[in-house]
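Listed here are the chains, written in short residue letters.
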Amino acid sequence: DHSGKLRFTESITRELVYDRLTRKALVQLHGALAQAMERSAQRDELPAEDIGEHFAKGQFQGKALDWFDRALEQAANTVDTARTARILRRSCEVARAHLAGPNSKDAVRRLTAYTLHLGEALIASGELADIESLTSEGLGYAHKLDDLPLLGQLQRARGRGRIAAGHLDTGMDDLNQALQIAHGL
C-alpha cells in the first residue's frame, strides 16, 4: 500500500505469491516481515497477535510466544473472550511445536500455563468440548515440571470443566485433589 507495507487485498494475489515461493523462502519472508513489524510496532500500533503470527510462521517460536503474551495482555483489557481464546489456542500450538527445541523447558512451562488459561476461558464461555483433553494435557506437563501450584490450578480447572459438562463425580474428585494439593503447599 502507500505506506510501503506488503498487503494482499485479494486472496488470488496472495495465493499466486504463496504458490511461487518455496517453503524455505516463505518461512524467511515471514521471519523478515515479523522483524520489520517488531521494529515499528510501537510507532505504527501494530497488533501484537499479528506480529506473533509472523514470528511463528517464520519459525521463531520463542519470539512468537513473547508477542502472543503481549497480545494476551492487550486482550485482558477487553471483554473479547473469543479473541483471548483464539490467541491462547495459537499460543498452545506454537509452544507444542517448540517442545523439541533448545528452550524446551520454557516451552513446557508456557504450554502448561496456556492450557490452564485457555481452559479457564473456555469454561467461562461455556465451550466445554475441549476442556477434558486440554486440562489433562496441562496436568501432564505440570507433573513433569513438578509445579504444585500450577498442578493444583489445572486440577481445579479440569474439575470445574467436568462439573460444567455434567460429570459431577469425576469433577468433584478433581476438586478434592486440587484442595489436597493446595493444603500440601
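About the criteria used
- Residues numbered from 1 in each chain as written.
- Predicted model: local features only at pLDDT ≥ 70, side-chain atom pairs only at ≥ 80, totals over all residues.
- Heavy atoms only, no water.
- Helix = DSSP H or I, 4+ residues; strand = E, 2+ residues; numbered from the N terminus.
- Buried < 20%, exposed > 50% of the residue type's maximum accessible area, 1.4 Å probe, protein only.
- Contact = heavy atoms within 4.5 Å.
- Areas by Shrake-Rupley, 256 points an atom, 1.4 Å probe, with all protein chains shown as cover.
- Lys, Arg positive; Asp, Glu negative; His and termini not counted.
- Charge placed at Lys NZ, Arg CZ, Asp CG, Glu CD.
- Phe/Tyr/Trp six-rings, centres within 6.5 Å; stacked < 30°, edge-to-face > 60°.
- Lys NZ or Arg CZ within 6 Å of the ring centre and 35° of its normal.
- Core = buried A, V, L, I, M, F, W, Y, C linked by side-chain atoms within 4.5 Å.
- pLDDT = per-residue confidence, 0-100.

Bringing the overall build of the protein into the picture now. Looking only at helices and strands, one finds nine helices and zero strands in the protein. Ordering the α and β elements of the protein from the N terminus gives α-α-α-α-α-α-α-α-α. With the principal axes as the frame, the protein shows a C-alpha extent of 60 × 35 × 30 Å. Counting every position in the protein, which comprises 185 residues, the buried fraction comes to 38%. Long-range contacts, defined here as pairs at least 24 residues apart, represent 47% of the contacts in the protein between residues at least 6 apart. For the protein, the exposed area adds up to about 10800 Å²; of that, 52% sits on carbon and sulfur atoms. Averaging the locations of the 24 positively and 26 negatively charged side chains of the protein gives two centres separated by 5 Å.

We now examine unusual backbone geometry. Notably, Gln59 is not glycine yet its phi reads approximately 65°, a positive angle. Inspection of the secondary structure puts Gln59 in the loop between helix H3 (48-57) and helix H4 (61-76). Residue Gln59 is classed as partly exposed on the basis of its relative accessible area, which comes to 46%. Of note in this structure, Asp146 is not a glycine but carries a positive phi near 55°.

Let's shift gears to the packing of aromatic side chains. Throughout the structure, instances matching the rule amount to one aromatic pair. Against the face of Trp67 rests Arg70, its NZ or CZ located 4.0 Å from the ring centre.

Structurally, Leu179 is set in helix H9 (residues 168-184). Leu179 gets classed as partly exposed once you look at its relative accessible area, which sits at 46%. As for Leu179 and Ala64, which are separated by 115 residues in sequence, their C-alpha atoms are 35 Å apart.

A few words on the nonpolar core. Within the largest apolar cluster, 32 residues are counted, with the highest numbers of intra-cluster contacts made by Ile51, Tyr114 and Leu118. Going through the elements one at a time, helix H2 (23-44), H3, H4, helix H5 (81-97), helix H6 (104-125) and helix H7 (131-145) are the ones with two or more residues in this core. Excluding anything up to four places from it in sequence, Ile51 contacts Ala34, Met37, Glu38, Ala41, Leu46 and Trp67. If you look at the next biggest cluster of nonpolar residues, it comprises eight residues, including Leu116, Ala142, Leu151 and Leu154.

This part takes up the confidence of the model for the protein. Averaged over every residue, the pLDDT of the protein is 87; residues scoring 70 or more account for 92%. When the elements of the protein are averaged for pLDDT, helix H1 (residues 11-20) gives the smallest value, 70, and H9 the largest, 95.

Among the structural elements, His30 can be located in helix H2. Every residue in contact with His30, bar those within four places of it in the chain, is listed here: Tyr18, His54, Lys57 and Gly58.

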